[in-house]
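Residue strings, one per chain:
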Amino acid sequence: MKQLCQMKDEKEMLLSLAQTYRNEQIRANIDEKYGAGAAQFFMQAIETFYR
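Residues numbered from 1 in each chain as written. Predicted model: local features only at pLDDT ≥ 70, side-chain atom pairs only at ≥ 80, totals over all residues. Heavy atoms only, no water.

Visitor: Quick question: what am I supposed to make of the packing of helix α3 (residues 24-34) against helix α4 (residues 38-50) here?
Guide: Two numbers describe a pair of packed helices, the interaxial angle and the distance between the axes. Here α3 crosses α4 at 105°, and the two axes come no closer than 7 Å. In terms of their interaxial angle, α3 and α4 are classed as roughly perpendicular. In contact with R27, I30, D31 and Y34 of α3, α4 contributes A38, A39, Q40, F42 and M43. (Axes fitted to C-alpha atoms, helices over the stretch in contact; angles between N-to-C directions. Helix = DSSP H or I, 4+ residues; strand = E, 2+ residues; numbered from the N terminus. Parallel < 35°, antiparallel > 145°, perpendicular 65-115°, else oblique. Contact = heavy atoms within 4.5 Å.)

Next up, the structure:
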């Protein structure tokens, strides 16, 4: 991720991304694309890793 975004510390960006997964519309889109519960899983994985 660091090379892709050319960021020194991607923690804040990924925690912000995890927060967007709480939005119902975004959650529905992600779950539709990747399967039921995917957004919840991604959100929890990111938050657990960085906290």
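Visitor: Help me out: how do you make sense of the pattern of salt bridges in this one?
Guide: Side chains that carry opposite charge are capable of pairing whenever their charged atoms lie near each other. Using the criterion set out here, one finds two salt bridges in the structure. Between R22 and E47 there is a salt bridge, and its shortest N-O distance comes to 2.9 Å. Of this pair, R22 sits in the loop between α2 (11-20) and α3 while E47 is found in helix α4, placing the two residues 25 residues apart along the sequence. Relative accessible area serves as the criterion here: at 39%, R22 is assigned to the partly exposed category. Between E24 and R27 there is a salt bridge, and its shortest N-O distance comes to 3.9 Å. Of this pair, E24 and R27 both sit in helix α3, separated by three residues, roughly a single helical turn. Classification of E24 as exposed rests on a relative accessible area of 56%. (Salt bridge = Lys/Arg side-chain N within 4 Å of Asp/Glu carboxyl O. Buried < 20%, exposed > 50% of the residue type's maximum accessible area, 1.4 Å probe, protein only.)

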